[in-house]
Amino acid sequence: MFVNSNRLTDLLPFFHKKLDRLYGERECRNIFLLICDYRFGLSKPQVFSGDYRLTESELLEINSMVKRLAKNEPIQHILGETEFYGQSIFVGPEVLIPRPETEELVDWIQKENQDQNQLRILDVGTGSGCIAIALKSIFKSKAEVVAVDISSDALEMAQKSALKNSCEIDFKRLDVLNDSLEILGEFDIIVSNPPYIPEADRTLMNSNVLDFEPEMALFVSNEDPLIFYQTIAKKALNQLSPQGKLYYEIHEDFGRQMVEMMELVGYSDITLLKDLQGKDRMLRASSKP
């Protein structure tokens, strides 16, 4: 036995002892509460009531989780899922873990298009499917959602998340750098959160990202960091409806370059939006003047 009691509350000091140095006291406590929620379905008051007692197998499972956390494995991977815009999304090494900034992108799309009667939406590079699932959950029957990705493994995981959230989404395998979007038809909204981190930034990133999340969904070459944005913009220009909009999540350092590139490609009404941290993070453009 690695703890003296099987009371759930008595495990918190064990978490702090093993993980505070790596995560900090506050984050360690949050991870503990997250595990209690996902694994045992317990709210914070229920956790600290002191009533819940763990079985031997549950204690062993918790100990295994702590060992994995001590190796910097993301808690989302350990639990196998995370929450995004109120939806439960499956995650693993096949896909990026959804970030809070991406929720801001979804929120922007919702606010600008909530009065539309019918929408056809394309999510390019869907990964976990978080954006497509969130938008389908928001617009429901008003929206037809198509989501594409180059990774079959990512599409399989995204499909499972869509089924779990009762979202009907048309998932297709497509290599946006080499395949045409014409076969998919016309869309009112095209959205993408493509790879955008230059290789030069690799040394600035934490091991919990580098060691556990897919590189192909993260990095682009230093020489051509806007390759996905420019390619998608060119291909989307003819696939957007007359009032269609293209939305991007972007790298905070490339806001001005993104605006200039979109103007050159032929877009109008280009808007750069900062995230809650004050960083250039989102861009929206229209296909027609």
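All residue numbers here refer to positions counted from 1 along the written sequence of the relevant chain. Whole-chain, interface and lining totals are the exception, using all residues; otherwise, since this is a predicted model, local features are given only for residues with pLDDT of at least 70 and side-chain atom pairs are given and counted only at 80 or more. The side-chain values count all of the structure's non-hydrogen atoms but skip hydrogen atoms and water molecules.

A few words on the overall build of the chain. We count a stretch as a helix when DSSP gives it H or I for four or more residues in a row; a strand needs E for two or more, and each element gets its number in order from the N terminus. Counting its secondary structure elements, the chain contains 11 helices and 11 strands. Radius of gyration here is computed from C-alpha atoms only, and the compact-globule reference equals 2.2 Å multiplied by the residue count raised to the power 0.38. Its C-alpha atoms give the chain a radius of gyration of 21 Å, within 12% of the compact-globule value 19 Å for 289 residues. Projected onto its principal axes, the C-alpha coordinates of the chain cover approximately 70 × 45 × 35 Å. Three labels apply to residues, based on accessible area from a 1.4 Å probe with only protein chains included: buried if under 20% of the type maximum, exposed if over 50%, partly exposed otherwise in between. Burial analysis of the chain (289 residues in total) assigns 52% to the buried set. In what follows, a contact means two residues having at least one pair of non-hydrogen atoms within 4.5 Å. For the chain, contacts bridging at least 24 residues in sequence account for 64% of all contacts bridging at least 6.

The next thing to look at is the sheet that holds strand β11 (residues 280–286). A pair of strands is treated as paired once DSSP finds two or more bridges between them. Judged by pairing direction, the sheet is mixed, and its 7 strands sit side by side in the order β5-β4-β3-β6-β9-β11-β10 without closing on themselves. On the outer flanks of this sheet lie β5 (170–173) and β10 (268–274), each paired with one strand and no other. Across this sheet, the average inter-strand angle for adjacent strands is 15 degrees, counted without regard to direction. In this structure, β10 lies alongside β11, joined through 5 bridges in antiparallel fashion. In the sheet register, Leu272 faces β11, and the bridge partner there is Leu283. Between the N-to-C directions of two axes lies an angle of 0 to 180 degrees, each axis being a line fitted to C-alpha atoms and, for a helix, fitted only over the stretch in contact.

This part covers the packing of aromatic side chains. Only rings of Phe, Tyr and Trp enter the pairing, Trp through its six-membered ring, and a pair is recorded when the two centres are within 6.5 Å. The plane angle decides the type: under 30 degrees is stacked, over 60 is edge-to-face, the rest tilted. Here the structure, examined in full by the defined rule, presents 4 aromatic pairs. Between Phe15 and Phe32 the ring centres are 5.1 Å apart and the planes differ by 70 degrees, which places this aromatic pair in the edge-to-face class. Of this pair, Phe15 sits in helix α1 (residues 12–23) while Phe32 sits in helix α2 (residues 25–40), placing them 17 residues apart in sequence. Just as Phe15 is buried, Phe32 falls in that class too. Aromatic side chains Trp108 and Tyr247 sit 5.6 Å apart centroid to centroid with 85 degrees between the ring planes, which places their arrangement in the edge-to-face category. Here the residue Trp108 occupies a position in helix α6 (residues 100–113), and Tyr247 occupies one in strand β9 (residues 240–249), the gap between them amounting to 139 residues.

Next up on the list: the pairing of β9. Counting buried positions over the 10 residues of β9 gives 8, a clear majority of the element. Here strand β6 (residues 187–192) runs beside β9; their pairing, made up of 5 bridges, is parallel. Looking across to β9, one finds that Ile189 is bridged to Lys245. Across 5 bridges, β9 lies against β11 in antiparallel orientation. Across the sheet, residue Glu249 finds its bridge partner in β11, namely Met282.

With that out of the way, let us pick up the nonpolar core. Side chains that are nonpolar tend, in soluble globular proteins, to be buried together. Among buried residues, the Ala, Val, Leu, Ile, Met, Phe, Trp, Tyr and Cys ones that are joined through side-chain atoms within 4.5 Å form a nonpolar core. Judged by nonpolar contacts, the single largest core of 36 residues is most densely connected at Leu122, Leu246, Tyr248, Met258, Met262 and Tyr267. Ignoring any residue separated from it by four or fewer positions in sequence, one finds Met262 in contact with Ala233, Leu246, Tyr248, Tyr267, Ile270, Leu283 and Ala285. Of all hydrophobic cores here, the second largest spans 33 residues; its members include Leu135, Phe139, Val145 and Ile169.

Next up on the list: the pattern of salt bridges. For salt bridges, the criterion is a side-chain nitrogen of Lys or Arg within 4 Å of an Asp or Glu carboxyl oxygen. The final tally for this structure, using the stated rule, is 16 salt bridges. Measuring nitrogen to oxygen at the nearest pair gives 4.0 Å for the salt bridge that ties Glu112 to Lys245. Separated by 133 residues along the polypeptide, Glu112 in helix α6 and Lys245 in strand β9 bring together distant segments of the chain. According to the relative accessible area criterion, Glu112 is partly exposed, its value standing at 25%. Its salt-bridge partner being Arg284, residue Glu112 comes within 2.8 Å of it at the nearest N-O pair. Within this pair, whereas Glu112 is found in helix α6, its partner Arg284 is found in strand β11, the two being separated by 172 residues in sequence. If you follow the salt bridges from partner to partner, you end up with Glu112, Lys245, Asp269 and Arg284 in one network.

What follows deals with the side chain of Ser5. Tracing the chain through its elements places Ser5 in the segment before α1. Within the local environment of Ser5, its side chain forms a polar contact with the backbone nitrogen of Arg7, the two atoms lying 3.0 Å apart. A 3.5 Å cut-off defines polar contacts: any pair of N or O atoms within that distance qualifies, except that in protein one atom must be a possible hydrogen donor and the other a possible acceptor, and neighbouring residues in sequence count only when both atoms are side-chain atoms. One polar contact links Ser5 to Asp10, side chain to side chain, over a distance of 2.8 Å.

On to the packing of α2 against helix α4 (residues 56–70). Where α2 meets α4, the axes come as close as 12 Å, and the angle between the chain directions of the two elements is 135 degrees. Between α2 and α4, the angle falls in the class oblique. With respect to the hand of their crossing, α2 and α4 are arranged in right-handed fashion. Counted together, Ile31, Ile35, Arg39 and Phe40 of α2 and Glu58, Glu61, Ile62, Met65 and Leu69 of α4 form the full contact between these two elements. For the contact of α2 with α4, the residue count by class is 6 nonpolar, no polar and 3 charged. Should an angle fall under 35 degrees it is called roughly parallel, over 145 degrees roughly antiparallel, and 65 to 115 degrees roughly perpendicular, with every other angle called oblique. In this scheme, a crossing is called left-handed if the near helix is turned counterclockwise away from the far one by less than a right angle; it is called right-handed if the turn is clockwise. Side-chain classes follow a simple rule in which Ala, Val, Leu, Ile, Met, Phe, Trp, Tyr, Cys and Pro form the nonpolar group, Asp, Glu, Lys and Arg form the charged group, and the remainder, Gly included, forms the polar group.

On to a positive patch on the surface, then. Judged by side-chain charge, Lys17, Lys18, Lys67 and Lys71 come together as a positively charged surface patch. Residue placement: Lys67 occurs in helix α4. Accessibility expressed as a relative area gives 53% for Lys67, which makes it exposed. Each patch groups residues whose relative accessible area exceeds 30% and which form no salt bridge, using 9 Å between like charges and 5 Å between nonpolar side chains of Val, Leu, Ile, Met, Phe, Trp and Tyr. A 1.4 Å probe and the Shrake-Rupley method give the accessible areas. Residues count as covered only by the protein chains that appear here. None of His or the chain ends enter the tally, which takes Lys and Arg as positive and Asp and Glu as negative. In plain terms, the charge of a residue is placed at NZ if it is Lys, CZ if Arg, CG if Asp and CD if Glu.

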